[in-house]
Structure formats: structure tokens, C-alpha cells
Amino acid sequence: MTISAAGVSPVEVSVSVGGRVTFFNNDTIPHDVAGGPDPAHPDCPEIDAVGFLTPGQRRETQPFPAARLCEFHDHGFHSTMFNGRIVIR
């Protein structure tokens, strides 16, 4: 997943059970990736391993242990353009 000033791209990715997703901050400002659709609904702690990314930094999620849908958001910017989904199959 690439984060830029335009948002997250792609908005949705699919991985196999046990897989990981790499987030790359290609923006000029930091972003704080967290599991769940918004701060009031935390979910998918595997995504929380990404956390705070400075410009140019990349980090992986923890392995996803089961098939499910995981949403994420940028905890610092409450805009839907920084939301996305990971489908674990």
C-alpha cells in the first residue's frame, strides 16, 4: 500500500492467510496507520504494527492469522482518502 498526498493506493488488497502487507509512505508528511475503519472502531491489531511512518519509510503488518476483512485508517488524518481494506483469504 502506498500513501501519498492523494491518499492510499490501492484502496484494497488481498493476501493469503499468514501473509503480510507492506505500507510505504510516499508523502512529504508522516502518517499513522492503524487497524479499523476509524479511531472509534479499532480492529485488526496486525495492522497496528505499521504505526507511525515518516516520509520515505516503509513497514509491514504482522502476519494475518485467519481469513477475514481488515479495514485501516490514518490515525493522524481523519479523512476517508487514507482509509483502505485488506482482504485475507
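These numbers come from a predicted model, not from an experiment. Per chain, residues are indexed from 1 in the order of the written sequence. Residues qualify for local features only when their pLDDT is at least 70, as the model is predicted, and side-chain atom pairs are given and counted only at 80 or more; totals for whole chains, interfaces and linings, by contrast, use all residues. Side-chain descriptors were evaluated using all non-hydrogen atoms of the structure, hydrogens and water having been removed beforehand.

(A) Spotlight on the sheet that holds strand β1 (residues 2-4). Strand order in the open sheet formed by four strands is β2-β1-β4-β7, and the pairing between neighbours is mixed. Only two strands of the sheet have a single partner each, and these edge strands are β2 (7-9) and β7 (58-60). Strand-to-strand twist of the sheet, defined as the mean angle between neighbouring strand axes without regard to direction, takes the value 20°. Whether two strands pair depends on DSSP finding at least two bridges between them. What counts as a helix is a DSSP run of H or I of at least four residues, what counts as a strand is a run of E of at least two, and both are numbered from the N terminus. Convention adopted: a line fitted to C-alpha atoms gives each axis, helices being fitted over their contacting stretch, and angles between N-to-C directions are expressed from 0 to 180 degrees.

(B) Region of interest: the pairing of strand β8 (residues 68-74). In this structure, strand β5 (residues 31-35) lies alongside β8, joined through three bridges in antiparallel fashion. Looking across to β8, one finds that G35 is bridged to F72. When β8 meets strand β9 (residues 84-88), the two strands line up antiparallel, connected through five bridges. The residue bridging F72 from the neighbouring strand is G84, located in β9.

(C) Molecular detail of the pattern of salt bridges. By convention in these notes, a salt bridge is any Lys or Arg side-chain nitrogen within 4 Å of a carboxyl oxygen on Asp or Glu. In this structure the tally under the stated criterion is three salt bridges. Between E12 and R85 there is a salt bridge, with its nearest N and O atoms 2.8 Å apart. Of the two residues, E12 sits in strand β3 (residues 12-15) while R85 sits in strand β9, which places them 73 residues apart along the sequence. In this scheme, a residue with accessible area under 20% of its type's maximum is buried, one over 50% is exposed, and one in between is partly exposed, where area comes from a 1.4 Å probe on protein chains only. By relative accessible area, which is 38% here, E12 ends up partly exposed. In this structure, the salt-bridge partner of R68 is D43, at a minimum N-O distance of 2.8 Å. On the criterion of sequence distance, the pair formed by R68 in strand β8 and D43 in the loop between β5 and α1 (45-48) is long-range, its members being 25 residues apart. Look at R68 and you get partly exposed, because its relative accessible area is 35%. We classify D43 as partly exposed; its relative accessible area is 35%.

(D) Local environment of the packing of aromatic side chains. Put simply, two rings from Phe, Tyr or Trp (the six-membered ring, in Trp's case) pair if the centres are within 6.5 Å, and we call them stacked under 30 degrees between planes, edge-to-face over 60, tilted for the rest. Scanning the model with the defined rule gives two aromatic pairs in all. Consider the rings of F23 and F72, whose centres lie 5.0 Å apart with planes at 90°: the pair is edge-to-face. Here F23, found in strand β4 (residues 22-25), pairs with F72, found in strand β8; they are 49 residues apart in sequence, far enough to count as distant. The pair F23 / F72 is uniform in exposure class, with both members buried.

(E) Up close: the environment of M81. The topology assignment puts M81 in the loop between β8 and β9. Each C-alpha atom of the pair M81 and E12 lies 12 Å from the other, and the pair is 69 residues apart in sequence. Contacts are assigned to residue pairs with any non-hydrogen atoms lying within 4.5 Å of each other. Those residues in contact with M81 that sit more than four places away from it in its chain are A5, A6, G7 and V8.

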